[in-house]
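Now for the letters of each chain:
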Amino acid sequence: MARPSERILNILSSLNTEEREQRISKAKVLGEESTGYVQKRLVRGTASSNGFAREAFSLALVSVLKNDPESVESVKSLIDAELIGKGGRREEREATLGRLFCIAAFLRSKTLDSSSELVEWAIRELFKAAETERGLSDVALFLAAQMRLALPDNAVVKKQCSVWARQRDTADGAAMKILLEQADPVEVGPSLMTWFDNGFIMPKAPYCWILSVQQSARRGSLDKFWLEVVEKRLLRSHAAEKRKLGLRLVPTALAVAKTATHVEVILTKRTVQQLANAKVTADEVRRSFVSAS
């Protein structure tokens, strides 16, 4: 494998910069001057937890795949060869995260559907990550949902998502049923609570909850879902983490609310008071109104 020029080596070594615009410009250069060596470094970089490494190297992979769709197979082979988690438990988790970021790169570059084998491999990897890495289940679910939305007619994705929904009687399994329109968000509300029953608390709203709010709006049952699940089980809970999650769902609900009645259901006096005591969430609500106007 030929060693690239000093210029490319310098770009690779400085790709993990705090400056977002610099990461974007460097990724563009790497995409235009991609080689086997560059691809290998980028794939390996997605398994690094240093600073902005994952985001930067994944972004550069997007650029590589967009500029050279023929590189899809070589990148996939590198993922299988390089991201295998040699060492201990931490290394395995970092490698799994790297795989998820690489799949995200395939999605963002719109090259995932270049072959049915690649699609099947990607959805299997997501399912495996959700099964083996409890803390990454929400990320895997998010990417699976994006695959389902990007490839709505793909039989492989639909089939694997259906397997996911059947085999996981937990929050993300419930969310998969919602995504596949196999279940009403209101009916699977209790299953969503397993994020808390299993002792797993996310600092932000898990994607399955966000998906549930969005899908309930599409089904015309946003007010019912909000009252019976979010209001009753989260916002009125004695547990601070549950109340915090409920508040973080407010911007999502307001973004999909179609009537003044929906807004009234979401923004009760009690919820408004809770928002007044949660500045970050209040800022999010304010932004949601600005973007909608």
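Residues numbered from 1 in each chain as written. Predicted model: local features only at pLDDT ≥ 70, side-chain atom pairs only at ≥ 80, totals over all residues. Heavy atoms only, no water.

Q: Teacher, can you tell me more about the overall build of the protein here?
A: Looking only at helices and strands, the protein has 19 helices and zero strands in total. Long-range pairs, those at least 24 residues apart, make up 65% of the contacts in the protein with a sequence separation of at least 6. Surface exposure of the protein reaches about 14,700 Å², of which carbon and sulfur atoms provide 49%. (Helix = DSSP H or I, 4+ residues; strand = E, 2+ residues; numbered from the N terminus. Contact = heavy atoms within 4.5 Å. Areas by Shrake-Rupley, 256 points an atom, 1.4 Å probe, with all protein chains shown as cover.)

Q: How do you make sense of the side chain of Glu125 when you look at a structure like this?
A: Here Glu125 lies in helix H7 (residues 116-132). Here the side chain of Glu125 touches Arg99 through a polar contact of 3.1 Å, side chain to side chain. (Polar contact = N/O pair within 3.5 Å; in protein donor to acceptor, adjacent residues only side chain to side chain.)

Q: Is there a simple way to think about the pattern of salt bridges in this case?
A: Inspection of the entire model under this criterion finds 14 salt bridges. In this structure, the salt-bridge partner of Arg23 is Glu55, at a minimum N-O distance of 3.0 Å. Taken together, the positions of Arg23 in helix H2 (residues 20-32) and Glu55 in helix H4 (residues 53-67) put the pair 32 residues apart, joining distant regions of the chain. By relative accessible area, Glu55 is classed as partly exposed at 36%. The structure contains a network of salt bridges with shared partners spanning Lys76, Asp80, Arg99 and Glu125. (Salt bridge = Lys/Arg side-chain N within 4 Å of Asp/Glu carboxyl O. Buried < 20%, exposed > 50% of the residue type's maximum accessible area, 1.4 Å probe, protein only.)

Q: Please explain the packing of aromatic side chains as it appears in this structure.
A: The description of two aromatic rings rests on the distance between their centres and on the angle between their planes. This structure, assessed with the given rule, holds one aromatic pair. With a centroid separation of 6.2 Å and 90° between ring planes, the pair formed by Phe106 and Trp121 is classed as edge-to-face. Taken as a pair, Phe106 in helix H6 (residues 89-109) and Trp121 in helix H7 lie far apart in primary sequence, 15 residues in all. For the pair Phe106 and Trp121, one class covers both residues: buried. (Phe/Tyr/Trp six-rings, centres within 6.5 Å; stacked < 30°, edge-to-face > 60°.)

Q: Looking at this structure, how should I read the side chain of Lys26?
A: Among the structural elements, Lys26 can be located in helix H2. Comment: no salt bridge for buried Lys26; closest opposite-charge side chain is Glu19, at 11 Å. Ignoring sequence-local partners within four residues, the contact set of Lys26 consists of Ile11, Ser14 and Leu15. (Lys, Arg positive; Asp, Glu negative; His and termini not counted.)

Q: Looking at this structure, I do not really get helix H14 (residues 222-235). What am I missing?
A: Quick reminder: α-helices carry 3.6 residues per turn. Residues three or four places apart thus point the same way. The end-to-end C-alpha separation of H14 is 16 Å, well short of the 20 Å expected for 14 residues at 1.5 Å each. Along H14, the residues classified as buried are Leu222, Phe225, Trp226, Val229, Val230, Glu231, Leu234 and Leu235. (Expected span 1.5 Å × (residues − 1).)

Q: Is there a simple way to think about the confidence of the model for the protein in this case?
A: The predicted coordinates ought not to be read in detail in places where the model reports low pLDDT. When pLDDT is averaged across the protein, the result is 82; 86% of the residues are at 70 or more. When pLDDT is averaged over each element of the protein, helix H5 (residues 72-82) comes out on top at 93 and helix H19 (residues 279-292) at the bottom at 52. Low pLDDT, under 50, characterises residues 198-204; the predicted model gives this stretch 14 contacts beyond four residues in sequence or across chains. Below a pLDDT of 50 lies the segment residues 289-293, which in the model reaches two contacts outside its immediate sequence neighbourhood of four places, other chains included. (pLDDT = per-residue confidence, 0-100.)

Q: Explain the nonpolar core to me, please; I cannot follow it from the model alone.
A: Most often, soluble globular proteins keep nonpolar side chains buried together rather than apart. Of all hydrophobic cores here, the largest spans 87 residues; its most connected members are Leu42 and Leu126. Beyond its immediate chain neighbours, meaning those up to four positions away, Leu42 contacts Leu12, Leu15, Leu30, Phe57, Ala60, Leu61 and Val64. (Core = buried A, V, L, I, M, F, W, Y, C linked by side-chain atoms within 4.5 Å.)

Q: I tried to follow unusual backbone geometry on my own but got confused; where do I start?
A: When glycine is set aside, most residues are seen to have a negative phi, and most peptide bonds are trans. One non-glycine residue with positive phi stands out, namely Lys110, at about 60°. Position of Lys110 among the secondary structure elements: in the loop between H6 and H7. Given a relative accessible area of 73%, Lys110 falls into the exposed group.

Q: Please explain the environment of Thr96 as it appears in this structure.
A: Its location among the elements puts Thr96 in helix H6. Accessibility expressed as a relative area gives 16% for Thr96, which makes it buried. Residues Thr96 and Leu126, spaced 30 residues apart in sequence, show a C-alpha to C-alpha distance of 9.3 Å. Residues within four places of Thr96 in sequence aside, it is in contact with Ala129, Glu133 and Leu136.

Q: What is the right way to read the environment of Lys28 from this model?
A: Residue position: Lys28 is located in helix H2. Given the relative accessible area of 52%, Lys28 is considered exposed.

Q: Please explain the environment of Glu133 as it appears in this structure.
A: Tracing the backbone through its elements, the reader meets Glu133 in the loop between H7 and helix H8 (137-150). Classification of Glu133 as buried rests on a relative accessible area of 6%. Separated by 40 residues in sequence, Glu133 and Arg93 place their C-alpha atoms 7.2 Å apart. Residue contacts for Glu133: discarding those within four places in its chain leaves Arg89, Glu92, Arg93 and Thr96.

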